[in-house]
Amino acid sequence: MAGEFERLRENLLSLPIESRESLADVLIESLGETVDEDVASLWLEEIGRRDAQVRADSATPKPVDQVMREARAILGWKSFRGRET
């Protein structure tokens, strides 16, 4: 099963970005979780605020690898998605 998953993941990651985005939407919807509209609205506001900061050069972006290392350290995780850090 693990080998099959790895092959499937590899094939899916080779798809164009638009196809992967569409697939991600379908998979997330398939989880069956309801969306709290208040929370979604607050996240959209936060995203807009942060986007404006980045565009105005008043924020200092960090590389995703650094953000993930910091998040894992805060949460006390040694690995992420089965990968050792």
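Scope of this entry: the structure provided in the associated data block.

What counts and how
Residues numbered from 1 in each chain as written. Predicted model: local features only at pLDDT ≥ 70, side-chain atom pairs only at ≥ 80, totals over all residues. Heavy atoms only, no water. Helix = DSSP H or I, 4+ residues; strand = E, 2+ residues; numbered from the N terminus. Buried < 20%, exposed > 50% of the residue type's maximum accessible area, 1.4 Å probe, protein only. Areas by Shrake-Rupley, 256 points an atom, 1.4 Å probe, with all protein chains shown as cover. Salt bridge = Lys/Arg side-chain N within 4 Å of Asp/Glu carboxyl O.

1. Re the overall build of the chain
- Counting its secondary structure elements, the chain contains 4 helices and 2 strands.
- Along its sequence from the N terminus, the chain presents helices and strands in the succession α-α-α-α-β-β.
- Considering the chain as a whole, with its 85 residues, one finds that 1% of them fall into the buried category.
- Taken as a whole, the chain presents about 8000 Å² of accessible surface, with 57% of it coming from carbon and sulfur.

2. A few points about unusual backbone geometry
- At D57, a residue that is not glycine, the phi angle is positive and equals roughly 60 degrees.
- Position of D57 among the secondary structure elements: in the loop between α3 (37–55) and α4 (64–75).

3. Examining the pattern of salt bridges
- Under the defined criterion, the tally for this structure stands at 5 salt bridges.
- Here R50 makes a salt bridge to E46, at a shortest N to O gap of 2.6 Å. Placement of the pair is R50 and E46 together in helix α3, with a separation of 4 residues, close to one helical turn.
- For the salt bridge of R55 with D51, the shortest nitrogen-to-oxygen distance reads 2.8 Å. Here R55 and its partner D51 are both found in helix α3, 4 residues apart, which amounts to about one turn of the helix.

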